Amino acid sequence: LIGMGVGDETSSSALNRKIDFFRKEAKMNESQLRDAIMRQPSLMQYSIESSLRPKIQFLVNELSICPSAIAKIITTAPAIMGLSLAENLRPKVAVLMNQC
């Protein structure tokens, strides 16, 4: 839909894979996903394997954020999924953790 060619089978299957990813791994419902895409259309352009999944794993495994909260984070602040894990998220979290 957004950023994908209509009728292009490859784009359509890539879009479906990302929708499935957000529903299954981020536990997002249709409304949350729609809201997140409206706020951050580029969300559907990020690679699942090299961008989206590592960030969700970071949030769940390293920050101990429960999977059910991931949907709320992405819905509220979808731009977080576009930030560099190595150059942005991890260093910022490290600074915050050192302050506690």
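Refer to the structure printed above.
Procedures and definitions
- Residues numbered from 1 in each chain as written.
- Predicted model: local features only at pLDDT ≥ 70, side-chain atom pairs only at ≥ 80, totals over all residues.
- Heavy atoms only, no water.
- Helix = DSSP H or I, 4+ residues; strand = E, 2+ residues; numbered from the N terminus.
- Rg over C-alpha atoms; globule rule 2.2 N^0.38 Å.
- Buried < 20%, exposed > 50% of the residue type's maximum accessible area, 1.4 Å probe, protein only.
- Contact = heavy atoms within 4.5 Å.
- Bend = angle between axes of the 7 residues up to and from the residue.
- Polar contact = N/O pair within 3.5 Å; in protein donor to acceptor, adjacent residues only side chain to side chain.
- Axes fitted to C-alpha atoms, helices over the stretch in contact; angles between N-to-C directions.
- Nonpolar A, V, L, I, M, F, W, Y, C, P; charged D, E, K, R; others polar.
- Parallel < 35°, antiparallel > 145°, perpendicular 65-115°, else oblique.
- Left-handed = near helix turned anticlockwise from the far one by under 90°.

Draft legend 1. Geometry of the overall build of the chain. Of regular secondary structure, the chain possesses five helices and zero strands. Beginning at the N terminus, the succession of helices and strands in the chain can be written as α-α-α-α-α. Relative to the compact-globule value of 13 Å for 100 residues, the chain shows a C-alpha radius of gyration of 14 Å, a close match. Burial status across the chain gives 34% buried among its 100 residues. Within the chain, residue pairs in contact and separated by at least 24 positions form 67% of the contacts whose partners lie at least 6 positions apart.

Draft legend 2. Looking closely at helix 3 (residues 48–62). Maximum bend of helix 3: about 25 degrees, positioned at Pro54. Residues of helix 3 that are buried include every one of Ile48, Ser51, Leu52, Arg53, Lys55, Ile56, Phe58 and Leu59, and no others. If you check the start of helix 3, you find a side-chain oxygen 3.4 Å away from the backbone N of Glu49, and it comes from Ser47. Following helix 3 by one or two positions, Ser64 has its phi on the positive side, about 60 degrees.

Draft legend 3. Representation of the side chain of Thr75 within the structure. If you trace the backbone, Thr75 turns up in helix 4 (residues 67–76). At 2.7 Å, the side chain of Thr75 and the backbone oxygen of Ala71 are in polar contact. Contact partners of Thr75, with chain neighbours within four places excluded, come to Met28, Gln32, Asp35, Ala36 and Arg39.

Draft legend 4. Spatial organisation of the packing of helix 2 (residues 30–39) against helix 4. For the pair helix 2 and helix 4, interaxial distance at closest approach is 8 Å and the crossing angle is 30 degrees. Where helix 2 approaches helix 4, its residues Gln32, Asp35, Ala36 and Arg39 are matched on the opposing element by Ala71, Lys72, Ile74, Thr75 and Thr76. For the contact of helix 2 with helix 4, the residue count by class is three nonpolar, three polar and three charged.

Draft legend 5. Broad picture of the packing of helix 3 against helix 5 (residues 85–99). Close contact between helix 3 and helix 5 brings their axes to 12 Å; oriented N to C, the two are set at 20 degrees. As judged from the angle between their axes, helix 3 and helix 5 are roughly parallel. Taken as a pair, helix 3 and helix 5 cross one another with a handedness that is right-handed. Listed contacts from helix 5 to Pro54, Lys55, Phe58 and Glu62 of helix 3 are Leu85, Leu89, Arg90 and Val93.

By themselves, these are just geometric observations and shouldn't be taken as functional.
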